[in-house]
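# A closer look at the structure
Given next are the chains, with one letter for each unit.
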Amino acid sequence: MVMRCSFTLDPEMLDSIDAFAKKHSIERNEAILELIETGFASLESGKEIEIKKQRAFEEFMQIRRDIDGLKEIVQHMRDELRLIHHTIESDYCKEARCVPYQTRNIWDYLMKRKE
């Protein structure tokens, strides 16, 4: 059964595959298949394969996750800042109102004086 696969390669790996294909005079897809088959043959013979470095697309995905985390933190900070701004503004507006004893009219005082 034939299966079509799709995967991402970083530029350095792609250059290595192209060099391998050019050296053996085969096309890129065939070189990829040959390298995969060689890797499976090595695993079946008992050899362990070491992955030497993290690939660029994995680093990219890690950076994307970090950026998404930062976006969430910034959004949370923005919401908190709006809440603080609203609280300060409402406190300021309440302070701007007159105190009840200052809202009396002059005749209220004059009426009390007569009594």
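Before any of the text, the structure's been laid out above.
Below is a summary of the structure that appears in this document.

### So, the pattern of salt bridges
A side chain with one charge can pair with a side chain of the opposite charge if their charged atoms come near. Within this structure, the stated rule accounts for one salt bridge. A salt bridge links Arg28 to Asp18; the shortest N-O distance between them is 2.8 Å. Residue Arg28 is located in helix 2 (residues 28-44), and its partner Asp18 is located in helix 1 (residues 11-24); the two are separated by 10 residues in the primary sequence. Overall, the relative accessible area of 39% leaves Arg28 in the partly exposed class. Among the residues examined, Asp18 registers a relative accessible area of 27% and is labelled partly exposed.

### Side note on unusual backbone geometry
The phi dihedral of Ser25 falls on the positive side, at around 55°, and the residue is not glycine. Structurally, Ser25 can be placed in the loop between helix 1 and helix 2.

### Remarks on the packing of helix 1 against helix 2
When two helices pack together, their arrangement is given by the angle between the helix axes and by the axis-to-axis distance. Their axes nearest at 9 Å, the elements helix 1 and helix 2 cross at an angle of 100°. Here helix 1 lies roughly perpendicular to helix 2, going by the angle between them. Across the interface between the two elements, Leu14, Ile17, Asp18, Phe20 and Ala21 from helix 1 touch Arg28, Ala31, Ile32, Glu34 and Leu35 from helix 2. Counted by class, the contact of helix 1 with helix 2 contains seven nonpolar, no polar and three charged residues.

The rules behind the values
- All residue numbers refer to position in the chain's written sequence, counted from 1.
- A pLDDT threshold of at least 70 governs which residues receive local features in this predicted model, and a stricter bar of 80 or more applies before side-chain atom pairs are shown or counted, although totals over entire chains, interfaces and linings include all residues.
- Remark: hydrogens and water are excluded; side-chain values derive from all non-hydrogen atoms of the structure.
- Basic side-chain nitrogens of Lys or Arg form a salt bridge, by our definition, when they fall within 4 Å of a carboxyl oxygen of Asp or Glu.
- Each helix is a run of H or I in the DSSP string that is no shorter than four residues. Each strand is a run of E no shorter than two, and both are numbered from the N terminus.
- Between buried and exposed lies partly exposed: a residue is buried under 20% and exposed over 50% of the maximum accessible area for its type, with that area taken using a 1.4 Å probe on protein chains only.
- Simply put, an axis is a line fit to the C-alpha atoms, just over the touching stretch for a helix, and the angle between two N-to-C directions goes from 0 to 180 degrees.
- Working rule for angles: under 35 degrees goes down as roughly parallel, over 145 as roughly antiparallel, 65 to 115 as roughly perpendicular, anything else as oblique.
- Between two residues, a contact is recorded if the distance between any of their heavy atoms is within 4.5 Å.
- When residue character is reported, Ala, Val, Leu, Ile, Met, Phe, Trp, Tyr, Cys and Pro are called nonpolar, Asp, Glu, Lys and Arg charged, and the others, Gly included, polar.

Honestly, that's just the spatial picture; any functional story needs more than this.
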